[in-house]
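# Inside the fold
Each chain, written out:
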Amino acid sequence: MNEQAQAEAMRQDPQEEPSEVESPQDWADEDDPDDVPPVVRQVDLGLARLLPDLDRARAWLLTMDGTPQSYVDLDDPRHLEFEYVQRLAHVADLCAEPGAPVTALHLGGGALTLPRYLAATRPGSRQRVAELDAGLIALVREVLPWDASADLTVEAADARAYLEAAPPAGADLVVTDVFGGAGGHTVPAALTSVEYHRAVSAALRPDGVHVANLADGAPLTFIRGQVATAAAVFPELALVAEAPVLRGRRYGNLVLVASHRPLPVDALTRRTAGDPFPARVVAEERLAAFAGRARVVTDAGAVPSPPPPSGAFTV
């Protein structure tokens, strides 16, 4: 499914107001044990809803103020519903030898889809997650608990501050997946500047990889600026997105990959081309041409990403 159809695929009735559930023990209907109601809770940054997938027994969609944020299958953390998460996972798969544990720093947590995936595909990985919303962390910990055996720490913290306090040269993988503002629709300005990219570089090992989930629409001014800004710090870059998004025909997610070492562009291209909704990988000269004369973004001039068209990501 594409990003605009993610929520519809969950087959929830938008007219039905979910009831609040205080305890997971109260979920099951005695007459129908498969009838699990949604969970609704006011958290620090908005109204969180956990909507059960009617097709997968223990899978859930997390929305914040009506905007889809995460999808988690508790029985199969390798199942990734959202396209952009599949692309992030491709990068995670290729950042080290298959199955080898890594040290990962996740900026933005949601329901911890990618950390759960890494724990399943790279056992023994050491992962740290910064999620600003402490109430959301508590809700996810209660309703969608992660594997207690995984070396996974989740902290309530600002992403930029958490990154800047991270041990130097300690991470194999840094994942930036933070959306804020009203409804959680935009990438915060503080995570778009050259100073931010320098902080990412400082937290990475020399052969580490940064992957960022971004979003933009025509005329793609924001993403062109992000490519130019990342290029001021990292010599190796790749951009992954569906062709209509890259051409500015549709607003959508774009995944930016950056490193100080050559990226596995060919392998990434094969993987994304084989996805249910194929994406393109733009790198090297084509990516430089895409960025054009875009200017490097600094903290002084940084702005959030543009919001999506009205209703694009609502349930």
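That block above? That's the structure.
Remember, predicted model here, so these are calculated numbers, not experimental data.

Counted by the stated rule, this structure contains five cavities of 30 Å³ or more. Taken together, Val-91, Leu-94, Cys-95, Val-209, Val-257, Leu-263, Pro-264 and Leu-268 form the lining of the largest cavity. Here the lining of the largest cavity is built from residues that sort into eight nonpolar, no polar and no charged.

In this section: helix α9 (residues 265-273). Those residues of α9 lying buried are Ala-267, Leu-268 and Thr-272. All buried residues of α9 fall inside an arc of 125° around its axis, so they share one side. Across α9 from its buried face, at more than 90 degrees, point the exposed residues Asp-266 and Arg-270. The secondary structure elements touched by the buried residues of α9 are α2 (83-94), β10 (236-241), β11 (252-259) and β12 (280-283).

As a further point, take the sheet that holds strand β7 (residues 151-156). An order of β7-β6-β5-β8-β9-β11-β10-β12 is seen for the eight strands of this open sheet, with the pairing classed as mixed. Strand pairing shows two members of the sheet lacking a second neighbour, β7 and β12, which therefore form its edges. Each adjacent strand pair in this sheet contributes to an overall mean axis angle of 15°, direction not counted. Pairing of strand β9 (residues 204-216) with β11, which is carried by eight bridges, proceeds in the antiparallel orientation. The partner of Asn-213 across the bridge, within β11, is Val-255. Sitting on the sheet, helix α3 (residues 113-121) is in contact with β5 (103-107), β6 (126-131), β7 and β8 (171-176), with an inclination near 175° to β6.

Calculation notes
Residues numbered from 1 in each chain as written. Predicted model: local features only at pLDDT ≥ 70, side-chain atom pairs only at ≥ 80, totals over all residues. Heavy atoms only, no water. 1 Å grid on protein atoms, 1.4 Å probe; cavity = no way out; pocket = protein on both sides within 12 Å on 5 of 7 lines; lining within 4 Å. Points joined across faces, edges and corners; volume = space filled by probe spheres on them. Nonpolar A, V, L, I, M, F, W, Y, C, P; charged D, E, K, R; others polar. Buried < 20%, exposed > 50% of the residue type's maximum accessible area, 1.4 Å probe, protein only. Helix = DSSP H or I, 4+ residues; strand = E, 2+ residues; numbered from the N terminus. Arc of directions from axis to C-beta. Contact = heavy atoms within 4.5 Å. Pairing = 2+ DSSP bridges. Axes fitted to C-alpha atoms, helices over the stretch in contact; angles between N-to-C directions.

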